[in-house]
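Results of the structural survey
Each chain, letter by letter, is given below.
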Amino acid sequence: MDDKAMLYEGKAKKLFKTDDSSVIRVEYLDQATALNGARKDSVAGKGSLNNQITSLIFEALKQKGIQNHFIKKLSKHEQFIETLEMIPLEVVIRNVSAGSFANRLGMKEGEPLAFPVLEFYYKDDLLDDPIINDDHVKILQIGTEQEILTIKQEAHKINLALIDLFGKIDIQLIDFKLEFGKRADGTILLADEITPDTCRLWDKETNDHLDKDVYRRNLGEIVPVYQEVLDRLEKAFH
Ligand code: 5GP
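In what follows, the accompanying structure is described. (Residues numbered from 1 in each chain as written. Predicted model: local features only at pLDDT ≥ 70, side-chain atom pairs only at ≥ 80, totals over all residues. Heavy atoms only, no water.)

**Remarks on the overall build of the protein**
As a reminder of what qualifies: Helix numbers and strand numbers start at the N terminus; a helix is a DSSP run of H or I with at least 4 residues, a strand a run of E with at least 2. This radius of gyration counts C-alpha atoms alone. The globule rule is 2.2 Å times how many residues there are, raised to the power 0.38. Each residue is placed in one exposure class: buried if its accessible area under a 1.4 Å probe, protein chains only, is under 20% of its type's maximum, exposed if it is over 50%, and partly exposed if it falls in between. Contacts are residue-level and defined by heavy atoms, with any inter-residue pair within 4.5 Å sufficient. Accessible surface is estimated by sampling points in the Shrake-Rupley manner with a 1.4 Å probe; for residues, cover comes only from the protein chains shown.
For the protein, the count of helices and strands is six helices and 14 strands. In terms of overall dimensions, the protein is globule-like: its C-alpha atoms have a radius of gyration of 17 Å, near the 18 Å expected for 238 residues. Taking the principal axes of the C-alpha coordinates as reference, the protein spans close to 50 × 40 × 35 Å. The buried share among the 238 residues of the protein stands at 50%. Across the protein, contacts joining residues at least 24 apart in sequence account for 55% of those joining residues at least 6 apart. A total of about 12,000 Å² of accessible surface is found on the protein, and carbon and sulfur atoms cover 50% of it.

Next comes the structure, spelled out in structure tokens:
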């Protein structure tokens with residue numbers, strides 16, 4: 001497939017048209033970025049690890065009744081997904097204080113939260129993805145009251161499913177980011193990816209970081225860490 005068919009090039013993946021307009025081919029890239037792309041490194045093997053991890057998780061979510069855009073894994077670094085109109089929101093759920101939440105609110109990292117905290121960020125590189133509230137979502141015409149409710153309910157369901165899934169492989173789900181898309185009929189579906197790039201995953205025993213914070217915070221090599229997450233998932237769910 002040539003580059004004329006490329007629909008989108010992101011920081012971690014490229015999207016290509018296929019012969020079927022309802023299906024997109026995704027290629028996961030061997031690239032790590034931080035600080036909204038200001039820091040960028042080539043990391044051999046990362047793309048295929050993330051593709052395998054997110055394929056496994058989206059499949060497991062489907063089995064738990066959570067519909068999503070995933071169709072099938074094509075190769076180690078490629079998958080087919082359903083074409084959706086993406087909603088420009090990053091939906092973050094936090095179970096434990098960490099990252100920007102801990103910094104913004106002056107909390108210690110690692111403090112369990114009394115209930116899962118949901119946040120919206122407006123996906124806009126030029127604005128640096130600002131945190132926004134429900135009213136902002138409505139004013140920007142990103143979503144209606146009903147759509148906001150659907151997204152929140154779905155995100156909380158996904159949180160419970162992911163806590164269970166990662167719990168089985170001795171990983172604590174600290175926080176994560178989701179993205180949703182819309183079918184032509186208005187149905188809202190989970191989309192994008194769920195990988196160590198988009199979640200904070202701490203080993204239950206040691207609290208070691210098994211996620212992109214290893215790269216963001218210069219804690220070591222990410223490939224062995226992502227491989228560890230994939231190995232644990234495959235052992236438990238294949
Ligand atoms: P924080 O707001 O603390 O930086 O991130 C909260 C959670 O959402 C983390 O698990 C982080 O990986 C994820 N997240 C937030 N924004 C982004 C983003 O733009 N890209 C990626 N890959 N993950 C994000």
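From this point, the narrative continues.
**A short note on the site of the ligand**
Rule in force here: For this description, a residue counts as near a given molecule or strand if any of its non-hydrogen atoms is within 4 Å of it. The term polar contact refers here to a pair of N or O atoms within 3.5 Å; inside protein, the definition further demands a hydrogen-donor-capable atom paired with an acceptor-capable atom, and it admits residues adjacent in sequence only when both atoms are side-chain atoms. Only Asp, Glu, Lys and Arg are considered charged in this grouping, and only Ala, Val, Leu, Ile, Met, Phe, Trp, Tyr, Cys and Pro are considered nonpolar; every other residue, Gly among them, is considered polar.
Near the ligand there are 15 residues, and of these R94, S100, D175, D197 and R200 occur at the shortest range. A distance of 2.6 Å is found between an oxygen atom of the ligand and a side-chain nitrogen or oxygen belonging to D175. R216 has a polar side-chain atom sitting 3.0 Å from an oxygen atom of the ligand. Protein chains shield 79% of the accessible area of the ligand, which is 490 Å² for the free molecule. Counting residues per element, the ones that place at least two in the shell around the ligand are β9 (89-96), α2 (99-105), β12 (171-182) and β14 (199-203). Residue composition of the shell around the ligand, by class: four nonpolar, three polar and eight charged.

**Points about the sheet that holds strand β3 (residues 23-28)**
How we decide: Note: two strands are recorded as paired if DSSP finds a minimum of 2 bridges between them. Helix axes use the C-alpha atoms of the stretch in contact, all axes being lines fitted to C-alpha atoms, and the angles between their N-to-C directions lie in the range 0 to 180 degrees.
As summarised here, the arrangement of the five strands in space is β1-β2-β3-β7-β6, forming an open sheet in which the pairing is antiparallel. In this open sheet, the two edge strands, each paired with only one partner strand, are β1 (6-9) and β6 (70-75). Shown here is a sheet whose adjacent strand axes are inclined to one another by a mean of 25°, direction ignored. As paired strands, β3 and strand β7 (residues 78-82) are joined by five bridges and run antiparallel to one another. Directly across from R25, in β7, lies its bridge partner F80.

**Concerning the pattern of salt bridges**
Once the charged atoms of two side chains with opposite charge are near each other, the side chains can pair. We count it as follows: A pairing counts as a salt bridge when a side-chain nitrogen of Lys or Arg comes within 4 Å of a carboxyl oxygen of Asp or Glu.
Across all of its chains, the model carries 29 salt bridges by this definition. Between K123 and E179 there is a salt bridge; the shortest N-O distance is 3.2 Å. Taken together, the residues span a long stretch of sequence, with K123 in the loop between β10 (112-122) and β11 (131-132) and E179 in strand β12 at a distance of 56 residues. The structure contains a network of salt bridges with shared partners spanning R94, R104, E109, E119, D175, R200, D213, R216 and R217.

**So, the environment of P130**
Mapped onto the secondary structure, P130 falls in the loop between β10 and β11. Note: C-alpha distance between P130 and F120 (10 residues apart in sequence) is 8.6 Å. Those residues in contact with P130, other than ones at most four positions away along the chain, are F120, Y121 and Y122.

**Focus: the environment of I132**
Turning to its location among the elements, I132 is positioned in strand β11. Sequence spacing of I132 and I53 is 79 residues, and the spatial spacing of their C-alpha atoms is 29 Å. Not counting chain neighbours up to four residues away, the residues in contact with I132 comprise L89, F120, Y121, Y122, V137, L140 and I142.

**Describing the pairing of β10**
Across seven bridges, the pairing between β9 and β10 is antiparallel. From the neighbouring strand, I93 faces β10, where its bridge partner is L118. Pairing of β10 with β11, which is carried by two bridges, proceeds in the antiparallel orientation. Note that in β11 the partner of Y121 across the bridge is I131.

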